[in-house]
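# Coordinates in review
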Number of protein chains: 2
Amino acid sequence: MTTVTTLVSELGAVVGAANVHLPELGELEDGTRWSGVRGTADAVVRPSDAQGVADAVRWCYDHDVAMTVRGGGTGLSGGAVPDGGVVISMERLNKVRTLDPEWWRCEVEAGVTTAELQRRVREVGLRYPPDPGSAASSHIGGNLATNAGGPHAFGHGVTRAWVLGLEAVLAPGELVTIGGPTRKDVAGYDLTSLLVGSEGTLGVITAAWLRLIPPPTAEQLVIGLFPSVDAAQDGIAGALTCGAVPVSVELLDGGALQDAGATLPVPGAASEWASLPDPTGAVLLFANLEGDLVEATAARGDALVDAWREAGATWTAVPEPATASALGEWRANISGAVAARRGGKLSEDVAVPTDRLAELLRGSEAIAAAHGLEHAAWGHAGDGNMHCTYLFDPTDQARLDRANAAADDLFGLAISLGGTVSGEHGLGRLKTGYLRAQWDPAAVAAHEAIKAALDPKGLFNPGRKTP
Amino acid sequence: MTTVTTLVSELGAVVGAANVHLPELGELEDGTRWSGVRGTADAVVRPSDAQGVADAVRWCYDHDVAMTVRGGGTGLSGGAVPDGGVVISMERLNKVRTLDPEWWRCEVEAGVTTAELQRRVREVGLRYPPDPGSAASSHIGGNLATNAGGPHAFGHGVTRAWVLGLEAVLAPGELVTIGGPTRKDVAGYDLTSLLVGSEGTLGVITAAWLRLIPPPTAEQLVIGLFPSVDAAQDGIAGALTCGAVPVSVELLDGGALQDAGATLPVPGAASEWASLPDPTGAVLLFANLEGDLVEATAARGDALVDAWREAGATWTAVPEPATASALGEWRANISGAVAARRGGKLSEDVAVPTDRLAELLRGSEAIAAAHGLEHAAWGHAGDGNMHCTYLFDPTDQARLDRANAAADDLFGLAISLGGTVSGEHGLGRLKTGYLRAQWDPAAVAAHEAIKAALDPKGLFNPGRKTP
């Protein structure tokens, strides 16, 4: 057994003493800190480059020391919460190595924040479409490790759709590149897609080549209020069939509207809703359209309004572009607004086939009621991916237990509807064991065989993404 | 050792005697038959459903019998050419199980042809964008196994981008579903992407859930003739930076134009080119634009013409929509037109970073010259994915040997330019061993570990996709 002191000094001898320190509290938690999740670790390594990551991994692999890879620490399933061993922090791998606007691509290190990449890309007139929450703090490496989604995943795909190639450290400490700036490559198995979304359990992604595209020249936002989840479900179908072709379709149910509806950045909206008959169970949808011409895109917006009125919308709005950016900020704050109601929340990111969304929302509400909890849901309606949320006072352990029981029921519901326990956050430490309920045993066995093949000692982020 | 007679009768007892037959010649070849590639097999199984595939796989796995999975037989790297054992033909798994236009998705069996799927989807007002060559005969299962590309992969992504979930048979004969109609799922490793493009070496895909989208309401084709590969390279950069945002950018070099240029379905084009000074080394680019409005899309076409004129185009055209479909057919026949010149050709689908395309084209021509062969190249310029082709008389073994030597040099060139030996056809049997030249040893080791983990007996399509 290696003591902490010898671990720090031996590891420091390999990667540089200045690159190893004893963990600080913030390095033992992630986006789950609100619910009191905190881990332990013996040391934190902060390599300054990819070879430093490889050196750290090799030392840990040689010495049977577990590793937890840390990005921006914004994850919502405990993926970055260590359980002993060494934390490998990617924060110093923060370079945009290349940015080629002429060829719609860039090469970025894992520790670049999502917002920084988006800003750099915007400055050269292009766009990196993935837009997960917490972009200001989340790292591209974390986006890759979890295959992060976001509102525009509906039209533009999740993170994986934008990855051309990876640089990564595989066991027992080998720095490899898989692909690169080439846009098409079928020579080998798709190890890129295998590493993306593997939550650091198969290796450590140190950099990626990403695809970029030009931004749309016109955008139009459309908002609709529906009297029920069933009417909203008709509204989603209407959005897909009316010819407007949205790139995102987002939803807030009545519970989320209770906390966030009054601050919707559309003048007068909340008071107008108040005058509508029977606001109980109201659901808000909002969709983004992208196009070439302002007039044509606005015309598609009108088509969407017609479709939503036909689906039963009681209120609609087609705001000016300035509102769209305010709405994006409002959208990003929904989670906080809902959490503020009781101080604590358990929010799970299940996804179902889009035509089962109303059943999911009704079922999640019934689950909350059965456990005596308040409920809210919001999320990526076009992708059938909801943040179903159970509220509680964080000082009330009994209600936290009930929220966990409710989440368990929710996972069962999502699976029974043909869906998944996680649409975008990943399994992390908190959803360990649920894949087995979702997949056939032989598929689970294949999953485990791949883990064993690429991480035979089980040292990469142990306890995460285990079936 | 099992004799052929006992193999046929034992296998027939498991999957039904009517579903097993002795191989016919056409079942021992694929799209490489022109170069005389033909395999051997002891029996062909034609299961009528997915469980029948599982039963056949289980019998083969139990009896250590190698399997070759056969789709439409249009592959260009020998992937469907058996080397003994049993051929599992997917032709009877030809049902479109579900087609949900309202939710932009379908579930299709592996034996449905690409063209049939495209037709069915078109009939309900939607679109399945992947457009690999040989769509009339190729199966969706083959498209999935090779992660097929095509011209519109530039704007819409390769086959993998359209797969929501898979039904597949894993060793030793387990029928599993991974994902389904749900659009986002990060619960497990991305086994879907791992199976897609694995060329049947990790299991047998029996069905897939695919994403669909509405078709564009407007399209515009733009064609430009350039005096050299360097000017064409500038033209590609111009297409990416002029704001026109094409969904495909295709190229024919001087060699391909020699065989196919005269039949370009634009009235007068060939005679107009003849009047241009110095046609040596001319290169044709053509791009598709998609948009909401005919006028706006045409305006983007004009912007592209301007960009191409600035890049040195000596001739341009913006044909009517009727021409676009004729051009699609003409495009599909380029391969045959080039092959007809000498009767035989070796065509390899290397891909490089798009900014290295001119170097690839010049280098491939120099390789042809060094081996005393005629040369032609065409393909997906926007993706840097070329079909570099060496022509020969198929009765001349010495020239066939030289073509193979030229292909070997070409692979080395593509890798030295940061590219891949295969952009869309796969390794099959003919490119066995080349991945090792392209990937780091540790990445190759991971590739082999995955194969061993999922196919421990090495019975799924042995000899394909081996590093």
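Residues numbered from 1 in each chain as written. Chains lettered and ligands numbered in written order. Predicted model: local features only at pLDDT ≥ 70, side-chain atom pairs only at ≥ 80, totals over all residues. Heavy atoms only, no water.

Our focus in this paragraph is the overall build of chain A. Each helix and strand counted, chain A has 16 helices and 16 strands in total. Its C-alpha atoms give chain A a radius of gyration of 23 Å, near enough to 23 Å, the size a compact globule of 467 residues would have. Along the longest, intermediate and shortest principal axes, the C-alpha atoms of chain A span 70 × 55 × 40 Å. A buried classification covers 60% of the 467 residues belonging to chain A. Within chain A, contacts between residues at least 6 apart in sequence are counted, and of these 74% link residues at least 24 apart. (Helix = DSSP H or I, 4+ residues; strand = E, 2+ residues; numbered from the N terminus. Rg over C-alpha atoms; globule rule 2.2 N^0.38 Å. Buried < 20%, exposed > 50% of the residue type's maximum accessible area, 1.4 Å probe, protein only. Contact = heavy atoms within 4.5 Å.)

A few words now on the relation of the copies chain A and chain B. Note: a rotation about an axis with an accompanying shift along it relates these two copies of the chain. Expressed as a screw transformation, the operator carrying chain A onto chain B has a rotation angle of 180 degrees and an axial translation of 0.0 Å, and the superposed copies differ by an RMSD of 0.0 Å. Expressed as a symmetry operation, the mapping of one chain copy onto the other fits a two-fold axis. With an isologous cut-off of 70% or more, the 100% of interface residues of chain A that recur at the interface of chain B puts this contact in the isologous class. (Least-squares fit on C-alpha atoms with pLDDT ≥ 70 in both.)

Residue and element names in this part refer to chain A. Those residues of helix α12 (residues 334-342) not exposed but buried are Ile334, Val338, Ala339 and Arg341. Here the buried residues of α12 occupy an arc of 145 degrees about the axis, which is enough to place them on one side. Elements that come into contact with the buried residues of α12 comprise β11 (248-252), α8 (254-260), α11 (321-332), β14 (344-348), β15 (374-380) and β16 (385-392). Just beyond α12, the residue with positive phi is Gly343, at close to 95 degrees. (Arc of directions from axis to C-beta.)

A few words on the interface of chain A and chain B. With 80 residues of chain A at the contact, the number on the chain B side is 80 residues. Per-residue buried area on chain A facing chain B is highest for A:Lys184, A:Val186 and A:Tyr189; these three make up 15% of the total on that side. In this assembly, chain A and chain B are joined by 10 salt bridges. The salt bridge partner of B:Lys184 is A:Glu424, with a shortest N-O separation of 2.6 Å. Inspection of the chain A/chain B interface yields 32 residue pairs in polar contact (both at pLDDT 80 or more). When residues of the side of chain A that touches chain B are traced back to their parent elements, those giving at least two are α5 (153-156), β8 (174-178), α6 (191-195), α7 (229-241), α10 (294-310), α15 (435-438) and α16 (441-454) of chain A. When residues in the side of chain A that touches chain B are grouped by element, the largest group, nine residues, is from α16(A). Here the residues of the side of chain A that touches chain B are counted per class, giving 37 nonpolar, 26 polar and 17 charged. (Buried area = accessible area lost by both parts, 1.4 Å probe. Salt bridge = Lys/Arg side-chain N within 4 Å of Asp/Glu carboxyl O. Polar contact = N/O pair within 3.5 Å; in protein donor to acceptor, adjacent residues only side chain to side chain. Nonpolar A, V, L, I, M, F, W, Y, C, P; charged D, E, K, R; others polar.)

As for its position among the elements, A:Ser422 is in the loop between α14 (397-416) and α15. By relative accessible area, A:Ser422 is classed as buried at 0%. In terms of polar contacts, A:Ser422 uses its side chain to reach the side chain of A:Asp349, at 2.9 Å. In this structure, A:Ser422 is in contact with A:Asp349, A:Leu427, A:Lys431, B:Asp185, B:Val186 and B:Ala187, ignoring residues within four places of it in sequence.

Further remarks concern helix α11 (residues 321-332) of chain B. All names here are of chain B. An ideal rise of 1.5 Å per residue puts 16 Å on 12 residues; α11 measures up with 17 Å between its terminal C-alpha atoms. If you check which residues of α11 are buried, you get Thr323, Leu327, Trp330 and Arg331. Axial view of α11: buried residues confined to an arc of 95 degrees, hence all on one face. Exposed residues pointing more than 90 degrees away from the buried face of α11 are listed as Pro321, Ala322, Glu329 and Ala332. (Expected span 1.5 Å × (residues − 1).)

To continue, consider the pairing of strand β16 (residues 385-392) of chain B. All names here are of chain B. Taken across its eight residues, β16 has eight buried, putting it largely inside the fold. Here β16 shows no split at all, with Asn385, His387, Thr389 and Leu391 on one side and Met386, Cys388, Tyr390 and Phe392 on the other all buried. The sheet contact formed by strand β14 (residues 344-348) and β16 spans five bridges and is antiparallel. By the bridge assignment, Ser347 is partnered in β16 with Thr389. Where strand β15 (residues 374-380) and β16 come together, seven bridges link them in antiparallel fashion. If you follow His380 over to β16, its bridge partner there is Asn385. Here β15 folds back onto β16, and the loop between the two strands holds four residues, one of which, Gly384, carries a positive phi near 65 degrees. (Pairing = 2+ DSSP bridges.)

Now for the sheet that holds strand β2 (residues 43-45) of chain B. Residue and element names in this part refer to chain B. Pairing is mixed in the open sheet, where four strands are placed in the order β1-β2-β4-β3. Lying at the two open borders of the sheet, with one neighbouring strand each, are β1 (20-21) and β3 (67-70). Where β2 lies against strand β4 (residues 86-89), three bridges are found, and the strand directions are parallel. Bridge assignment links Ala43 to a residue of β4, and that residue is Val86.

Residue and element names in this part refer to chain A. Here chain A is described as being made up of domain 1 (4-89), domain 2 (96-211), domain 3 (218-332) and domain 4 (336-416). Taking the mean C-alpha position of each, domain 3 and domain 4 sit 22 Å from one another. At the junction of the two partners, domain 3 supplies 16 residues and domain 4 supplies 20 residues. Of all residues in domain 3, Gln233, Leu251 and Asp259 give up the largest surface area on contact with domain 4, accounting jointly for 34% of the area buried on that side. Summed over the shared surface of domain 3 and domain 4, the result is two salt bridges. With its nearest N and O atoms 2.7 Å apart, the salt bridge here joins Asp230 to Arg362. (Domains from an automatic or database assignment.)

To continue, consider the packing of helix α7 (residues 229-241) of chain B against helix α13 (residues 357-370) of chain B. Residue and element names in this part refer to chain B. Taken N-terminus to C-terminus, the directions of α7 and α13 make an angle of 155 degrees; their axes are 9 Å apart at the nearest point. Taken together, the axes of α7 and α13 lie roughly antiparallel to each other. Note on packing geometry: the crossing formed by α7 with α13 is right-handed. Contacts between α7 and α13 involve Val229, Asp230, Gln233 and Ile236 from the first element and Leu357, Ala358, Leu361 and Arg362 from the second. A breakdown of the residues in the contact of α7 with α13 according to their chemical character gives five nonpolar, one polar and two charged. (Axes fitted to C-alpha atoms, helices over the stretch in contact; angles between N-to-C directions. Parallel < 35°, antiparallel > 145°, perpendicular 65-115°, else oblique. Left-handed = near helix turned anticlockwise from the far one by under 90°.)

Residues and elements named next belong to chain A. Throughout the structure, instances matching the rule amount to 60 salt bridges over all chains. Arg33 serves as the salt-bridge partner of Glu29, at 3.2 Å between the closest nitrogen and oxygen. A salt bridge links Glu290 to Arg127; its shortest N-O distance comes to 2.9 Å. You can see Glu290 sitting in strand β12 (residues 283-291) and its partner Arg127 sitting in the loop between α3 (114-123) and α4 (140-146), a full 163 residues away along the chain. For Glu290, a relative accessible area of 12% translates into the label buried. Arg127 sits in the buried class, given a relative accessible area of 16%. Salt bridges sharing partners connect three or more residues here, namely Lys95, Arg97, Glu107, Glu109 and Glu167.

Right, let's get into the sheet that holds strand β4 (residues 86-89) of chain A. Taken together, four strands build an open sheet; the order of strands is β1-β2-β4-β3 (chain A) and the sheet is mixed. Each edge of the sheet is formed by a strand with only one pairing partner; in this case those strands are β1 (20-21) and β3 (67-70) of chain A.

Turning next to the environment of B:Lys431. Residue and element names in this part refer to chain B. With respect to the helices and strands, Lys431 occurs in the loop between α14 (397-416) and α15 (435-438). The sequence separation of Lys431 and Glu348 amounts to 83 residues, and the corresponding C-alpha distance is 9.8 Å. When sequence neighbours within four positions are dropped, the list of residues in contact with Lys431 reads Glu348, Asp349, Phe411, Val421, Ser422 and Gly426. At a separation of 3.3 Å, a polar atom in the side chain of Lys431 contacts the side chain of Glu348. Within the local environment of Lys431, its side chain forms a polar contact with the backbone oxygen of Val421, the two atoms lying 2.8 Å apart.

Moving on: the environment of B:Val69. All names here are of chain B. Inspection of the secondary structure assignment puts Val69 in strand β3. Note: C-alpha distance between Val69 and Gly142 (73 residues apart in sequence) is 9.0 Å. Val69 has contacts with Ala80, Ile88, Met90, Val204 and Asn461, leaving out every residue within four places of it along the chain.

Okay, the nonpolar core next. In this structure, A:Leu251, A:Leu360, B:Leu251 and B:Leu360 are the most contacted members of the largest nonpolar core, which totals 179 residues. Apart from residues no more than four positions distant in its own chain, A:Leu360 is found in contact with A:Val350, A:Val352, A:Met386, A:Cys388, A:Leu410, A:Leu413 and A:Leu417. With 27 residues, the next largest nonpolar core counts A:Val65, A:Val169, A:Val204 and A:Phe460 among its residues. (Core = buried A, V, L, I, M, F, W, Y, C linked by side-chain atoms within 4.5 Å.)

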